[in-house]
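# Tertiary structure, described
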Amino acid sequence: MSEQIDSAIAWGSSRCSEASDTPKLDAELLLAHCIDKPRSYLYSWPEQLVPAEAWQRYQILVGKRIEPTPIAYLLGQREFFSLNFKTTSIALVPRPETELLVETCLELCPNRAGVDLLELGTGTGAIAISLKVNRPDINLIATDISTDCLDLARINASDHGVAIEWIESDWFSAIDNTSLFDMILSNPPYIAATDPCLMRGDLRAEPLSALSPGENGLEALQQLIVSAPAYLKTPGYLILEHGFDQQTDVARMMRKQRFTEITCQTDLNGLPRLSIGRLTE
Ligand SMILES: C[S@@+](CC[C@H](N)C(=O)[O-])C[C@H]1O[C@@H](n2cnc3c(N)ncnc32)[C@H](O)[C@@H]1O
């Protein structure tokens, strides 16, 4: 038993609406994936029959979507900074708002060869790899506490043909502080463990260790801000993504550690999500 493309989309969209705010888009992405065609094909050929095997696979993926499993895990990839990254359930799905961190880092990055950068908590490697693709001359070390994430990041780096040093480390613990960095950046876990959003939607399927550092959500940010000065050159920058309601706490913690010129940037929704501190002494 098979279906036409348009009725397969209508079926999938109605099922996905149980778990997603974008059910039609989800259904289209999954169907295009199963028939191995671009999404535009679905609009060009709405009356084509979906091959029986693809229809079976599609039904299984729609079932997983409403569990819910994020679309990026079902497709096995996610676009970030106009690059494709392999994405599995061992790592956080790279978010569009995190592109702001990459843009800011590229803007602030000194315009000379041999700049030293450290990214902490790399996940899929999306931030580090996007930076290295756009600034091949920088020296980049990227870390994660998860060996599985580092294995995935290595595969993504190889797909994009960039060389990055990957280090398994609990924040700074395995970083040699005789080698100082021009910039340290991180999108650490920052959701409070008690925040009910962790029990809703796609977040339920992502690794908790990538989302929440502990009870108040500031634990990892605090650890990074306190430790960073010992690993930064002067002048040097610390660039941190954080929650929309954490800007004041982050700025206070940065000031306490002698960071100056502290600024905050807003994401696509106008929310304060990225703080930058400069260390000059
Ligand atoms: C919010 S995710 C960010 C992933 C990726 N950089 C991104 O922006 O898509 C946080 C990452 O920090 C890592 N992490 C959590 N605790 C850590 C720790 N103590 N030391 C190093 N990395 C840690 C997680 O494994 C996860 O990959």
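Summarised in this report is the structure supplied together with it. As the structure is a prediction and not an experimental result, all values here were calculated from the model.

Now for helix α1 (residues 5-16). Under the 1.5 Å per step criterion, the end-to-end length of α1 is 16 Å for twelve residues, consistent within 8% with the ideal 16 Å. Of all the residues in α1, the buried ones are Ile5, Ala8, Ile9, Gly12, Ser13 and Cys16. One side of α1 carries all its buried residues, which in axial view fall inside an arc of 130°. The elements touched by buried residues of α1 are α2 (23-35), α3 (39-44) and α4 (52-65).

This brings us to the packing of aromatic side chains. In the structure shown here, the tally under the stated rule is seven aromatic pairs. Relative to Phe85, the ring of Phe80 lies with its centre 6.3 Å away and its plane at 65°, an arrangement referred to as edge-to-face. Residue classification places Phe80 among the buried residues on the basis of a relative accessible area of 1%. Here the aromatic residues Trp11, Trp55 and Tyr58 are joined through ring pairs into a cluster of three or more.

Taken together, the neighbourhood of the ligand is formed by 18 residues, with Gly121, Asp144, Asp170, Trp171 and Asn187 sitting nearest. Contacts to the ligand include Ile145, whose backbone N or O atom sits 3.3 Å from a nitrogen atom. For the ligand, a nitrogen atom lies 2.8 Å from a polar atom in the side chain of Asp170. Relative to its unbound accessible area of 590 Å², the ligand is 93% covered by the protein chains. Considering only residue class, the shell around the ligand consists of eight nonpolar, seven polar and three charged.

With respect to the helices, strands and loops of the structure, Ala128 is situated in helix α7 (residues 126-134). Residue classification places Ala128 among the buried residues on the basis of a relative accessible area of 0%. In sequence terms Ala128 and Trp11 are 117 residues apart; their C-alpha atoms lie 39 Å from each other. The residues contacting Ala128, other than those within four sequence positions of it, are Glu119, Thr122, Leu140, Ala142, Ile164 and Trp166.

So, on to the pattern of salt bridges. A complete count under the given rule lists 17 salt bridges for this structure. Here Asp249 ties to Arg252 by a salt bridge, and the two come within 2.9 Å at their closest N and O atoms. Taken together, the residues span about one helical turn, with Asp249 and Arg252 both in helix α11 (residues 247-256) at a distance of three residues. According to the relative accessible area criterion, Asp249 is partly exposed, its value standing at 24%. Classification of Arg252 as partly exposed rests on a relative accessible area of 43%. One network of salt bridges, with partners in common, ties together Glu97, Glu241, Asp267 and Arg273.

So, on to the layout of surface pockets. Estimates place the volume of the largest pocket at around 1100 Å³. Looking at the largest pocket, it is lined by 47 residues, and the ones nearest its centre are Leu92, Asn187, Pro188, Tyr190 and Ala210. When residues of the lining of the largest pocket are traced back to their parent elements, those giving at least two are α7, β4 (139-144) and α9 (208-211). It is α9 that contributes the most residues to the lining of the largest pocket, three residues altogether. The residue inventory of the lining of the largest pocket, partitioned by class, reads 23 nonpolar, 14 polar and ten charged. In this model, the second largest pocket occupies a volume close to 760 Å³. Along the walls of the second largest pocket sit 28 residues, with Arg65, Ile71, Ala72, Arg78 and Asp202 positioned nearest its centre. Of all the secondary structure elements, the ones that give two or more residues to the lining of the second largest pocket are α2, α5 (71-75) and β1 (77-80). Class assignment for the residues of the lining of the second largest pocket results in 13 nonpolar, five polar and ten charged. Each of two domains, domain 1 (5-68) and domain 2 (89-279), supplies a minimum of three residues to the lining of the second largest pocket.

Turning next to the packing of α1 against α4. Orientation of α1 relative to α4, taken along the N-to-C sense of each, is 20°, at an axis distance of 9 Å. As far as their axial angle goes, α4 and α1 are roughly parallel. Where α1 crosses over α4, the handedness of that crossing is right-handed. Facing Ala8, Ile9, Trp11, Gly12, Arg15 and Cys16 of α1, the residues of α4 in contact are Trp55, Tyr58, Gln59, Val62 and Arg65. For the contact of α1 with α4, a count of residues per class yields seven nonpolar, two polar and two charged.

Cut-offs and rules
Residues numbered from 1 in each chain as written. Predicted model: local features only at pLDDT ≥ 70, side-chain atom pairs only at ≥ 80, totals over all residues. Heavy atoms only, no water. Helix = DSSP H or I, 4+ residues; strand = E, 2+ residues; numbered from the N terminus. Expected span 1.5 Å × (residues − 1). Buried < 20%, exposed > 50% of the residue type's maximum accessible area, 1.4 Å probe, protein only. Arc of directions from axis to C-beta. Contact = heavy atoms within 4.5 Å. Phe/Tyr/Trp six-rings, centres within 6.5 Å; stacked < 30°, edge-to-face > 60°. Near = heavy atom within 4 Å. Polar contact = N/O pair within 3.5 Å; in protein donor to acceptor, adjacent residues only side chain to side chain. Areas by Shrake-Rupley, 256 points an atom, 1.4 Å probe, with all protein chains shown as cover. Nonpolar A, V, L, I, M, F, W, Y, C, P; charged D, E, K, R; others polar. Salt bridge = Lys/Arg side-chain N within 4 Å of Asp/Glu carboxyl O. 1 Å grid on protein atoms, 1.4 Å probe; cavity = no way out; pocket = protein on both sides within 12 Å on 5 of 7 lines; lining within 4 Å. Points joined across faces, edges and corners; volume = space filled by probe spheres on them. Domains from an automatic or database assignment. Axes fitted to C-alpha atoms, helices over the stretch in contact; angles between N-to-C directions. Parallel < 35°, antiparallel > 145°, perpendicular 65-115°, else oblique. Left-handed = near helix turned anticlockwise from the far one by under 90°.

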